Amino acid sequence: MIKARVLKAPEIETTPAILTEPQVREALAAARSARDRLLLTVLVEGGLRIGEALGLRREDMHLLPDSTHLGCRTRGAHLHVRPRQDNVNGARAKAGRHRMVPLAEGSVHRYRDHLSERENVPEAVSCDYVFVNLVGAYAGRPMTYSNAQQIVERIGQRCGFRARPHMMRHTAATQWIRSGVSPDVVQTLLGHASSASTAVYLHAQDEELRAAVDRVSPEAVR
């Protein structure tokens, strides 16, 4: 028998970096194309991973009130995140499972604006990917991770704050939790296999702790 000391280390919990609601609005206003506004929208309102967004095909976008003619029983505007291994831009759906994500009315209008914008790019006609390059030698080809990251970072720079694609997903999850959406629903929307992955968004912020204490203080009760 060998005696050994048990090593203990404190658990490190890091709250994901997010954007505030004013920053989200500012970022959308600073986007210079309908494509970029749509990209920000599906990330920050749909909570998609950047790889899931870049892997979207036009057939995944069901924007009519009724999509039964497409073989889909889900009512209302929504998109489908489908795991594919043949994406030429290397985009991957991390979870590896199909899921449906509802879309708000604003997303529908931005998608229509993007389709109109695409019509000015002849090379994009035969491309089924939602997000494609609009100018340059690679016009009409599916956007890559580096393309998308540069676009989001530049939007943040124009606004004067740090912005990254993954921050948009974190922002969506945090806003859902703070608005009272059940963690189980948030887990499904995000495509998390385990509730442990969603738990990181449940940590209270300083202002929430302060508001809780102020709400039950003797002065507040009076």
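Novice: Hey, could you go over the pairing of strand β2 (residues 78–81) for me, with residue numbers and the actual values?
Specialist: With burial as the criterion, each face of β2 is covered, one bearing His78 and His80 and the other bearing Leu79 and Val81. Both strand β1 (residues 61–62) and β2 contribute to a ladder of two bridges, which runs antiparallel. Note that in β2 the partner of Met61 across the bridge is Leu79. Sheet topology places β2 next to strand β3 (residues 99–102); four bridges connect them, and they run antiparallel.

Novice: So what about the sheet that holds β1? Which residues, and what values?
Specialist: Backbone hydrogen bonds are what pair the strands of a sheet, in a parallel or an antiparallel way. Taken together, three strands build an open sheet; the order of strands is β1-β2-β3 and the sheet is antiparallel. Where the open sheet ends on each side, the last strands, each with one partner, are β1 and β3.

Novice: Give a detailed account of helix α5 (residues 145–159), specifying residues and quantitative values.
Specialist: Taking 1.5 Å of rise per residue, 15 residues should cover 21 Å, and α5 covers 21 Å from first to last C-alpha, within 8% of that figure. Every buried residue of α5 is accounted for by Ala148, Ile151, Val152, Glu153, Ile155, Gly156 and Cys159. For α5, the secondary structure elements touched by its buried residues are α1 (21–30), α2 (34–44), α3 (50–54) and α6 (165–178). Two residues or fewer past α5, Gly160 is found with a positive phi of approximately 90°.

Novice: Requested: an account of the packing of α6 against helix α7 (residues 183–190), with residues and values cited.
Specialist: The description of two packed helices rests on the angle between their axes and on the distance between the axes. As a packed pair, α6 and α7 sit with axes 10 Å apart at the nearest point and diverge in direction by 160°. As summarised for this structure, α6 and α7 are arranged roughly antiparallel, according to the angle between their axes. Crossing handedness for the pair α6 and α7: right-handed. Counting all contacts with α6, which are made through Arg169, Ala173, Trp176 and Ile177, the residues of α7 involved are Pro183, Val186, Leu189 and Leu190. Class assignment for the residues of the contact of α6 with α7 results in seven nonpolar, no polar and one charged.

Novice: Could you give me a rundown of α2, with the residues and numbers involved?
Specialist: Most of α2 is tucked away, with 10 of its 11 residues classed as buried. Restricting attention to buried positions, one finds in α2 the residues Ala34, Arg35, Asp36, Leu38, Leu39, Leu40, Thr41, Val42, Leu43 and Val44. Each element contacted by the buried residues of α2 is listed here: α1, α3, β2, α4 (105–118), α5 and α6.

Novice: Could you give me a rundown of the nonpolar core, with the residues and numbers involved?
Specialist: Nonpolar side chains tend toward joint burial in soluble globular proteins. Counting residues in hydrophobic clusters, the biggest one holds 40 residues, and the most contacted among them are Leu79 and Phe131. Elements supplying a minimum of two residues to this core: α1, α2, α3, β2, α4, α5 and α6. The greatest single-element share of this core, amounting to six residues, is contributed by α2. The residues touching Phe131, leaving out its near neighbours within four places in the chain, are Arg35, Leu38, Leu39, Val42, Ala53, Leu54, Leu56, Arg141, Pro142 and Met143. Judged by nonpolar contacts, the second largest core, of eight residues, contains Ala172, Ile177, Val186 and Leu190.

Novice: Tell me about the confidence of the model for the chain, residues and numbers included.
Specialist: Atom-level detail of predicted coordinates should not be read off regions where pLDDT is low. Taken residue by residue, the chain gives an average pLDDT of 88. The fraction at 70 or more is 86%. Put simply, helix α10 (residues 218–221) is where the chain has its lowest mean pLDDT, 59, and α2 is where it has its highest, 97.

Novice: Lay out the packing of aromatic side chains in plain terms, naming residues and giving numbers.
Specialist: What describes a pair of aromatic rings is the distance from one ring centre to the other and the angle between the planes of the rings. Taken as a whole and assessed by the stated rule, the structure comprises zero aromatic pairs. A cation over a ring is seen here: Arg57 above Tyr129, with NZ or CZ 4.2 Å from the ring centre.

Novice: Describe the packing of α2 against α5, naming the residues involved and giving the relevant values.
Specialist: Where α2 meets α5, the axes come as close as 11 Å, and the angle between the chain directions of the two elements is 90°. Taken as axis vectors, α2 and α5 run roughly perpendicular relative to one another. Of the residues in α5, those touching α2 at Arg35, Asp36, Leu39 and Leu40 are Ala148, Ile151, Val152 and Ile155. Broken down by class, the residue content of the contact of α2 with α5 amounts to six nonpolar, no polar and two charged.

About the criteria used
Residues numbered from 1 in each chain as written. Predicted model: local features only at pLDDT ≥ 70, side-chain atom pairs only at ≥ 80, totals over all residues. Heavy atoms only, no water. Buried < 20%, exposed > 50% of the residue type's maximum accessible area, 1.4 Å probe, protein only. Helix = DSSP H or I, 4+ residues; strand = E, 2+ residues; numbered from the N terminus. Pairing = 2+ DSSP bridges. Expected span 1.5 Å × (residues − 1). Contact = heavy atoms within 4.5 Å. Axes fitted to C-alpha atoms, helices over the stretch in contact; angles between N-to-C directions. Parallel < 35°, antiparallel > 145°, perpendicular 65-115°, else oblique. Left-handed = near helix turned anticlockwise from the far one by under 90°. Nonpolar A, V, L, I, M, F, W, Y, C, P; charged D, E, K, R; others polar. Core = buried A, V, L, I, M, F, W, Y, C linked by side-chain atoms within 4.5 Å. pLDDT = per-residue confidence, 0-100. Phe/Tyr/Trp six-rings, centres within 6.5 Å; stacked < 30°, edge-to-face > 60°. Lys NZ or Arg CZ within 6 Å of the ring centre and 35° of its normal.

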